[in-house]
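# Examining the three-dimensional arrangement
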Amino acid sequence: VQLVESGGGLVQPGGSLRLSCAASGFTFSIYDMSWVRQAPGKGLEWLSEINGGGGITRYADSVKGRFTISRDNAKNTLYLQMNSLKPEDTAVYYCKVRFNGVDYWGKGTLVTVSS
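This report concerns the structure included in the present document. Each chain has its residues counted from 1, following the order in which its sequence is written. Given that the model is predicted, a residue must reach a pLDDT of at least 70 before its local features are reported, and side-chain atom pairs must reach 80 or more before they are shown or counted; all residues, however, enter totals for whole chains, interfaces and linings. Side-chain measures were taken over the full set of non-hydrogen atoms in the model, leaving aside hydrogen atoms and water.

## Side note on the overall build of the protein
By the criteria applied, helices consist of DSSP H or I runs no shorter than four residues and strands consist of E runs no shorter than two, each listed in order from the N terminus. Along its length, the protein carries zero helices and 11 strands. The atom set for the radius of gyration is the C-alpha atoms, and the globule formula is 2.2 Å times the number of residues raised to the power 0.38. The C-alpha radius of gyration of the protein comes to 13 Å, within 12% of the 13 Å expected for a compact globule of 115 residues. Taken along its principal axes, the extent of the C-alpha atoms in the protein is 40 × 25 × 25 Å. Residue burial is assigned from relative accessible area. The probe radius is 1.4 Å, only protein chains are included, and a residue is buried under 20% of its type maximum, exposed over 50%, and partly exposed in between. Here the protein, with 115 residues, has 41% of them falling under the buried criterion. The contacts in the protein between residues at least 6 apart in sequence include a share of 51% that link residues at least 24 apart. Exposure was quantified through the Shrake-Rupley algorithm and a 1.4 Å probe, taking into account, for residues, occlusion by the shown protein chains and nothing else. Looking at the protein as shown, the accessible area adds up to about 5900 Å², and 48% of this sits on carbon and sulfur atoms. Asp and Glu count as negative and Lys and Arg as positive, but His and the ends of the chain are not part of the count. Charge coordinates come from a single atom per side chain, which is NZ of Lys, CZ of Arg, CG of Asp or CD of Glu. For the protein, the centre of its 12 positive side-chain charges and the centre of its 9 negative side-chain charges are spaced 2 Å apart. Here a residue-residue contact requires only that any non-hydrogen atoms of the pair lie within 4.5 Å.

## Some words on the pairing of strand S5 (residues 44-50)
Both strand S4 (residues 33-38) and S5 contribute to a ladder of six bridges, which runs antiparallel. Opposite Met33, over in S5, you have Ile50 as the bridge partner. Should DSSP find at least two bridges between two strands, the strands are regarded as paired. Remark: five residues form the turn of the hairpin made by S4 and S5, two consecutive strands paired antiparallel; Gly41 in that turn has positive phi of roughly 75°. By the bridge criterion, three bridges tie S5 to strand S6 (residues 57-59) in an arrangement that is antiparallel. Within the sheet, the bridge partner assigned to Ile50 lies in S6 and is Thr57. Hairpin connection, S5 to S6: the antiparallel pair is bridged by six residues, and Gly54 has positive phi, about 90°.

## Side note on the side chain of Arg71
Note on placement: Arg71 falls in strand S7 (residues 67-72). One side-chain nitrogen of Lys or Arg within 4 Å of one carboxyl oxygen of Asp or Glu is enough to make a salt bridge. Buried and unpaired, Arg71 has Asp32 as its nearest opposite-charge partner, separated by 5.5 Å. Identification of polar contacts relies on pairs of N or O atoms within 3.5 Å, with a donor-acceptor requirement for protein atoms, meaning one able to donate a hydrogen and the other able to accept it, and with residues adjacent in sequence counted only if both atoms are side-chain atoms. Side-chain polar atoms of Arg71 contact the backbone oxygen of Gly52, separated by 3.3 Å. For Arg71, the side chain forms a polar contact with the side chain of Asn73, separated by 2.8 Å. The residues touching Arg71, leaving out its near neighbours within four places in the chain, are Phe28, Ser29, Tyr31, Asp32, Met33, Ile50, Asn51, Gly52, Gly54, Thr77, Leu78 and Tyr79.

## Side note on the state of the cysteines
Any cysteine sulfur atom paired with another within 2.5 Å is treated as part of a disulfide. Scanning the entire structure with this criterion turns up one disulfide. Covalently, Cys21 is tied to Cys95 through a disulfide, its sulfur atoms 2.0 Å apart. Handedness here is read from the sign of the S-S torsion; for Cys21 and Cys95, about 60°, the answer is right-handed. Note that Cys21 is positioned in strand S3 (residues 17-24) and Cys95 in strand S9 (residues 91-99), a separation of 74 residues in sequence. Both residues of the pair, Cys21 and Cys95, count as buried.

## Here's the deal with the pairing of strand S1 (residues 2-6)
With burial as the criterion, only one face of S1 is covered, namely that bearing Leu3 and Glu5; the residues Gln2, Val4 and Ser6 on the opposite face remain uncovered. Note that S1 and S3 share five bridges and pair antiparallel. The partner of Glu5 across the bridge, within S3, is Cys21.

Written out as structure tokens, the structure reads:
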């Protein structure tokens, strides 16, 4: 199992970014996928989840209405569209999958929201 996040960077408050997570080593289309973040000096925060088919999504209250999770099963890729970004969204963002009872994580991509 391999997960590789990309798309992070520096963005001004109110701006947008789209994160991607390229998945390999498992049958991507049948597994639920999640996004999780870790802000500097803080613990892990679950953000969003999407089922294998892409039709069912859940969000944390902190990002509901601003972030959108999606997936392209033909490309084995998970996305997180982030709009109306706030300084408190600054964090390393990870995608995650539970495969055969084990959680697999990518190495993360850093998002910095600052003017």
